[in-house]
Amino acid sequence: MRKKSALERAGEEGFALTYDDVRLRSGFSEMMPHEVNVCGRFSRNVDLKIPIVSAAMDTVTEHGMAIELAKLGGLGIVHKNLSSEKQAKEVAKVKLHLNGFIEKPVCVFESDDVKSILARMEEKGFDFQSFPVLNDNKELVGLLAGNDFEFCDDEKLLARDVMTTGILTAKKGVTIEAAYAIMKERKKKILPLVDDSNRVLGMYVFSDLKRIITGSNESYNVDENGRLRVGAAIGVGDSAVERAEKLVQKGVDVLVVDTAHGDSRAVYDTLRRLKDKFFGVDVVVGNVSNSDSVGRLIEAGADGIKVGQGPGSICTTRIVAGIGRPQLSAVYECAKIALEKGVPICADGGLKNSGDITIALAVGASCVMMGGMLAGTEESPGKTIFLDGRPWKIYRGMGSLGAMRGHVGSRERYNQIDENKLVPEGVEGKIAYKGELANIIFQYVGGLRSGMGYVGAKNLLELREKGDFDRISSSGLGESHPHDVSILKDAPNYRGK
Ligand code: IMP
C-alpha cells in the first residue's frame, strides 16, 4: 500500500486523524463510476459484493436487516443480546431465505397434524411453507404448500388430509435448466427429486431457480450453496463456544468475537478454541486500534479484524475511560500490518456520510461496519415512533444502560458483571427514520463509486494504491459542507453536519 502522506506525517508527529480531518485528492481517471468494482472482504473466506457490514447491535441487525443487506451484496452481523437459541433462529431465517438446490428439504410425515407442523415452523424459524410429505417407509406421498395451509380451517387435520397428491417429481441429477423448464411448463412451484424407490433426494423451488436462471441474483451475497451469507456476534469463554456451536449448526458464515477490547486474554483463548473446534468457519475478532494488537490477533488465528475503539456515534468510551484512537489513523496503522498477512480489516464505527466509506477503504480497510448509518431504516429492529410529527427509531449503544440492563451479551462486551452496578460506555438515542435500506445503500454505494471515479481507481486495491490525502483545517471542513445557503429541500444523501 502506498504511504498516505497526511497520515504518515501526522503519525510521525504523534497525531491521530479521523475522517473529517482529511479529504482524498482526485487523480487521472479513465473510468466512469458505474464501471468500478466495489467488492470487498470481511474475513479471509467471506467476500462482499459491496463493502458494507451492519453492526452487531440490538437496534441494527436481526434477520430483517441481514437478509436485505445480503441481497444488496453486503453482510449483517446478528447481535448477541438474544438467547443463543433465538440468535441461532435469526441466523436460520437468513440461511433459509433462499435456496438454490435444497439438498435436505425439511419433510413431514403424513400422520403429522397441521398444528404440530405449524408449531415446528414457528419453533425453527422456517419462513418457507413447502414440505414433501412422507409415509412410514419414508416414501414421498404428497406435498404440503402455502395453499394447503391457507385453506385448512381445522389444525387437527393430518398432513395426509390436506396435502396435494399426484405431484410432479424428477430424478436426482436433473440440471437446474431442465428443472426450471419442466416447472415452467407444468406451472409447478416445487419439484422434489426422488430415487427409484420414491425417496426424496432433494428439491428445487421455482422462485429460486428463476432468480438463478434470469441472473436477477447477481447482487446477492451468497455462499457456495446459493444461500444468503450472515454473521453472528459472540462473546468470550465457555458460553461463547456453546453459542457458536448453535450458530454453526444453522450455517452461520462467520463468527465475530465482539468485545470492546479485542487485545485481551479471554479473547485470545476464545479465538483459539473456536479455530480448533469449528474447522472451516471464519472468526473475526475485535475491537482494536493498534497495530501491535493486530499482529498478535493474526498470530492467534484471526480471519478478520475489526478496528474501532471509541469512534461510534453512540459511544462514550473515549470520554468515560479516556481510551481510544481517532479512527482513520487507527484503520491505517492496523491495515498496514494486516494486509501484509492477507487478513482483512473492517473499519467499525464513526462513519457519518458516504464519503467516509471511500476514505476508510482508501486507507486500507476491506469493508466498513455501520451502526448509525443503517439504524432507523425499515429493516432495523424496533418500531417507528412519532415525535413532533416526525418518524424516528431508537438507536442505542450496546454499552448503554438500557442495553446492558437485562442483557448479559452487552455487559460481557464491556467486561461488566453486576447488573446493578453498571458503568455505561454508550448512550441511548433516537434517529430519524430513513425508509427502506435499498434506497439508503444505493446512495452510500453511489457515493463510494463516485469517489473511486475521482481517484481513478477501478477496484478497492487501486483505491488503496492511488488514494492519497490532504489533511484539512476546520475552515477546509466548513468549505466541504454546503455553506452560505439555507437548504430548502433534503437531499437523499446529505443530512447536514
Ligand atoms: P456508528 O456506526 O458510528 O454508530 O458505530 C457503531 C459501532 O459502535 C458498533 O459497530 C460498535 O463497534 C460500536 N458500539 C456499539 N455500541 C457501543 C457502545 O455502547 N459504546 C461504544 N461503542 C459501541
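Bear in mind that the values here come from a model prediction, so they are computed numbers and not experimental data. (Residues numbered from 1 in each chain as written. Predicted model: local features only at pLDDT ≥ 70, side-chain atom pairs only at ≥ 80, totals over all residues. Heavy atoms only, no water.)

A.B. asks: How do you make sense of the layout of surface pockets when you look at a structure like this?
C.D. replies: Empty space left among the atoms is revealed by rolling a probe the size of a water molecule over them. Taken as a whole, the second largest pocket holds about 1500 Å³ of empty space. Lining of the second largest pocket is provided by 47 residues; of these, Ile 102, Phe 128, Ser 130, Met 203 and Val 205 occupy positions nearest its centre. Within the residue set of the lining of the second largest pocket, elements represented by two or more residues are α3 (84-95), β6 (101-102), α4 (114-124), α5 (146-150), β12 (200-205) and α8 (206-213). Counting residues per element, the lining of the second largest pocket draws most heavily on α8, at four residues. Grouping the constituent residues of the lining of the second largest pocket by class yields 18 nonpolar, 15 polar and 14 charged. (1 Å grid on protein atoms, 1.4 Å probe; cavity = no way out; pocket = protein on both sides within 12 Å on 5 of 7 lines; lining within 4 Å. Points joined across faces, edges and corners; volume = space filled by probe spheres on them. Helix = DSSP H or I, 4+ residues; strand = E, 2+ residues; numbered from the N terminus. Nonpolar A, V, L, I, M, F, W, Y, C, P; charged D, E, K, R; others polar.)

A.B. asks: What should I look at first to understand the site of the ligand in this one?
C.D. replies: The environment of the ligand is formed by 24 residues, the closest being Ser 313, Asp 348, Tyr 395, Gly 399 and Glu 425. One of the side-chain N or O atoms of Asp 348 is found 2.5 Å from an oxygen atom in the ligand. Gly 399 is positioned with one of its backbone polar atoms (N or O) 2.6 Å from an oxygen atom of the ligand. Contact with the protein chains removes 96% of the 500 Å² of surface that the ligand exposes when unbound. (Near = heavy atom within 4 Å. Polar contact = N/O pair within 3.5 Å; in protein donor to acceptor, adjacent residues only side chain to side chain. Areas by Shrake-Rupley, 256 points an atom, 1.4 Å probe, with all protein chains shown as cover.)

A.B. asks: Honestly, the domain arrangement of the chain in this entry has me stumped. Any pointers?
C.D. replies: The domain boundaries assigned to the chain delineate domain 1 (6-97 + 221-480) and domain 2 (108-214). Using C-alpha coordinates to define each centre, domain 1 is positioned 39 Å away from domain 2. Counting from both sides, the interface comprises five residues of domain 1 and, opposite them, seven residues of domain 2. For the pair domain 1 and domain 2, the interface holds zero salt bridges. Counting the contacts that link domain 1 with domain 2 gives two residue pairs in polar contact (both at pLDDT 80 or more). (Domains from an automatic or database assignment. Contact = heavy atoms within 4.5 Å. Salt bridge = Lys/Arg side-chain N within 4 Å of Asp/Glu carboxyl O.)

A.B. asks: Teacher, can you tell me more about the nonpolar core here?
C.D. replies: Nonpolar side chains in soluble globular proteins tend to end up buried together. Of all hydrophobic cores here, the largest spans 109 residues; its most connected members are Phe 42, Ile 52, Ile 305 and Leu 374. Broken down by element, this core gets its largest block of residues, eight residues, from helix α17 (residues 437-455). Excluding anything up to four places from it in sequence, Ile 305 contacts Val 284, Val 285, Val 288, Val 294, Leu 297, Ile 298, Val 343, Pro 344, Ile 345 and Cys 346. Among the nonpolar cores identified, the runner-up in size contains 13 residues, and Val 114, Ile 117, Phe 126 and Met 163 belong to it. (Core = buried A, V, L, I, M, F, W, Y, C linked by side-chain atoms within 4.5 Å. Buried < 20%, exposed > 50% of the residue type's maximum accessible area, 1.4 Å probe, protein only.)

A.B. asks: Even after reading the chapter, I still don't get the sheet that holds strand β8 (residues 131-134), so can you show me in this structure?
C.D. replies: The pairing of strands in a sheet happens through backbone hydrogen bonds and is either parallel or antiparallel. Pairing is mixed across the open sheet formed by three strands, whose spatial order is β7-β8-β9. One side of each edge strand has no neighbouring strand; the edge strands of this open sheet are β7 (108-109) and β9 (140-144). Direction of pairing for β8 relative to β9: antiparallel, over a ladder of four bridges. Residue pairing for β9: Leu 134 is matched across the bridge by Leu 140. (Pairing = 2+ DSSP bridges.)

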